[in-house]
Amino acid sequence: MTLPGTGQPAYQVVDPATGDPVRSFPYATDAEVAEILDAAHSAYLDWRERTVAERANLVRRAGAALLRRSRELAATMRLEMGKPLSEGTDEIEYCASIFDHYADQGPALLADEELATRGAGRAVVQSRPIGPLLGVMPWNYPSYQVARFAVPNLVLGNTVIVKHAESVPLTAGALEQVFLEAGLPHGTYLNVFATHEQVETVIADPRVQGVSLTGSERAGSVVAATAGRYLKRCVLELGGSDPFVVLDSPDVTAVAALAWRTRIHNNGQACTSNKRMLVMTDIYDEFVAALVAEAEAVDTAVHPPLASRAAAEHLAAQVEDAVAKGARLLVGGVLAPDRSARYSPAVLVDVTEDMRAWQEELFGPVAVVHRVTHDEHAVQLANSTPYGLGCAVFSADPERARRVAERLESGMANINTPSVDGPELPFGGVGRSGYGRELGPGVSEFINKRLLCTAVQAHV
């Protein structure tokens, strides 16, 4: 199996603000991977037998341990992928809310569900774990993505092995320490600096029951094919090209400012960023002017870098392709001449179907704005991508916004807000944005909904 990666010789920290290498970690040996698989399975045999309440209590303690290390982890994320300290702290606090939510709600969410039967006897559906799982995690939210995958599964009774992105090994190691510090048994949560070939080894192991990947479309297709070959459950959260549809607004400047803040959060490196802004023609010029003003107000001297020089160069190439084919770059779009990953926030208009910026996800601080002439045009343009993660529709008339939102092909839809987040809400997409859901009331895709029937009297 060839899993797309960074091309680095090992797990390596490179400061994106300077391009300087900081520290590297060797890949795991095959013997170490075998030990991790043994430990995860051995831990599962014990972990599944504990009560949900006991597991939830240990997960709550892990959340508290994570929160105590929020400043340390925020600083680590800034070093590894350029995230500002304030956003890093916010990420850890949100992670802690996921721990608390499933610690609080886990026993109720996993309680037996009694079914009405046609005859005598009793039938219940039990929520039971299935075994060790593999999580293949990305660099853009290096703590949140892990929490979203691991926490519900740990409360359920599965054990987890995490293969993190090769550029964030310090975060990966710190998260493993958080669970150990909280008192979870060794093997319940394990980090592995696996090679791409070793990922296949883990998926193929008969003790491992599923894999969750958050990452690129290309990586998702490789992992899904491998999971299918070995008949393993799979959850994929891949790319997105989310539309941000503005039908009308009593305050165009304000909605443009909201669109801009949403676009540059995490420096535009979020699957659910508003990658395409679809604005009704009668307010289009005013919206674009306000957006350009927001971009011009950015202090590029202190604006954070992207996660890597390679990511910045990739984004620059996408924008250059669009401009060469007739798009207009109204502001920004300057790649730093040094080795850093800095790229000045940009506004791009007049993008057409023959451009990479139309077909591909722009993972960085570039706002692409399209003019739409009526509601049907907005729907057609919003649905013109193979992705289907999230969407947002804005209008002073909520019913008008709802009618449009109902027709958009996405896993998550929002009206008059960019998004609504919370551990109680399911996250996932359709189309080439992947399949399966994490968080929310379902607890996990990796669950055995076992039917248990009891007769009134024994049949002999």
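Structural notes, computed from the coordinates. (Residues numbered from 1 in each chain as written. Predicted model: local features only at pLDDT ≥ 70, side-chain atom pairs only at ≥ 80, totals over all residues. Heavy atoms only, no water.)

Overview of the overall build of the protein
Heads up, the rule is: In DSSP terms, a helix is any run of H or I states spanning at least four residues, a strand is any run of E spanning at least two, and both are numbered starting from the N terminus. Put simply, the radius of gyration uses C-alpha atoms, and a globule should come to 2.2 Å times the residue count raised to 0.38. Any residue under 20% of the maximum accessible area for its type is buried, any over 50% is exposed, and the rest in between are partly exposed; the area is computed with a 1.4 Å probe on protein chains only. Residues are treated as being in contact if the distance between any of their heavy atoms lies within 4.5 Å. Only four residue types enter the tally: Lys and Arg on the positive side, Asp and Glu on the negative side; His and the chain ends are excluded. Charge placement uses NZ in Lys and CZ in Arg. For Asp and Glu, CG and CD serve respectively.
When its secondary structure is counted, the protein shows 14 helices and 20 strands. Relative to a compact globule of 460 residues, whose C-alpha radius of gyration would be 23 Å, the protein shows 23 Å and is just as compact. When the backbone C-alpha atoms are referred to their principal axes, the protein occupies close to 80 × 55 × 40 Å. Scored against the burial criterion, the 460 residues of the protein give a buried share of 56%. Considering only contacts in the protein between residues 6 or more positions apart, those separated by 24 or more positions represent 73%. Here the protein contributes 40 positively and 56 negatively charged side chains, and the mean placements of these two sets differ by 5 Å.

Here we look at the sheet that holds strand β3 (residues 113–115)
Here is the rule: DSSP calls a pair of strands paired once it identifies at least 2 bridges connecting them. To get an axis, fit a line to the C-alpha atoms, keeping to the stretch in contact for a helix; angles then go from 0 to 180 degrees between the N-to-C directions.
Taken in spatial order, the three strands line up as β3-β4-β20 in an open sheet, and their pairing is antiparallel. Of all strands in the sheet, those bounded by a partner on one side alone are β3 and β20 (448–454). With direction set aside, neighbouring strand axes in the sheet form an average angle of 25°. Inspection of the sheet shows strand β4 (residues 122–128) paired to β20 by seven bridges, in the antiparallel sense. Paired with S127 across the bridge in β20 is K449.

Remarks on helix α7 (residues 196–204)
All of the buried residues in α7 are H196, Q198, V199, E200, V202 and I203. The inward-facing, buried residues of α7 abut α1 (30–47), β5 (133–136), β6 (160–163), β8 (210–214) and α8 (217–229).

Some remarks on helix α5 (residues 144–156)
Just so we agree on the cut-off: What a helix is expected to span follows from its residue count: subtract one and scale by 1.5 Å. Throughout, the bend at a residue refers to the angle made by two axes, fitted to the seven residues ending there and to the seven starting there.
With 13 residues, α5 should cover 18 Å at 1.5 Å per step; its first-to-last C-alpha distance of 19 Å lies within 8% of that length. At A150, α5 is bent by approximately 25°, the largest bend along its length, and proline P152 sits one to four residues beyond.

Focus on the nonpolar core
The line we're drawing: Side-chain atoms within 4.5 Å are what join buried Ala, Val, Leu, Ile, Met, Phe, Trp, Tyr and Cys residues into a set we call a nonpolar core.
One finds F287, V347, L348, V366 and V369 to be the most contacted residues of the largest nonpolar core, which totals 60 residues. Sort the elements by how many residues they give to this core and helix α10 (residues 281–296) lands first, with eight residues. Filtering out sequence-adjacent residues up to four positions away, V347 remains in contact with W260, L291, V292, A295, R328, L329, L330, V331, A367 and V369. Counting 46 residues, the second largest nonpolar core, distinct from the first, contains L110, V178, L439 and I447.

Concerning the sheet that holds strand β9 (residues 233–237)
The strand order across the open sheet formed by six strands is β7-β6-β5-β8-β9-β19, and the pairing between neighbours is mixed. Edge positions in the open sheet fall to β7 (189–191) and β19 (434–435), since each of these has one partner strand only. Note: β8 against β9, five bridges, orientation parallel. Paired with L213 across the bridge in β9 is L236. The strands that α5 touches are β5, β6, β7, β8 and β9; relative to β6, the one it contacts most, it runs at about 170°. Its contacts with the sheet place α7 against β5, β6 and β8, and it is angled at close to 150° to β5.

A word on the pattern of salt bridges
The line we're drawing: Salt bridge, as applied in this entry: a Lys or Arg side-chain nitrogen positioned within 4 Å of an Asp or Glu carboxyl oxygen.
Under the counting rule described, the total for this entry stands at 25 salt bridges. Across the pair R148 and E438 runs a salt bridge, and its minimum N-O distance is 3.0 Å. Of this pair, R148 sits in helix α5 while E438 sits in the loop between β19 and β20, placing them 290 residues apart in sequence. As far as burial versus exposure is concerned, R148 and E438 are alike and both buried. Between E313 and R309 there is a salt bridge, with the nearest N and O atoms lying 3.0 Å from each other. Taken together, the residues E313 and R309, both in helix α11 (residues 309–324) and four residues apart, mark about one turn of the helix. Connected via shared salt-bridge partners are R68, R69, E72 and E181.

Note that all results are geometric; they support no functional claim without further evidence.
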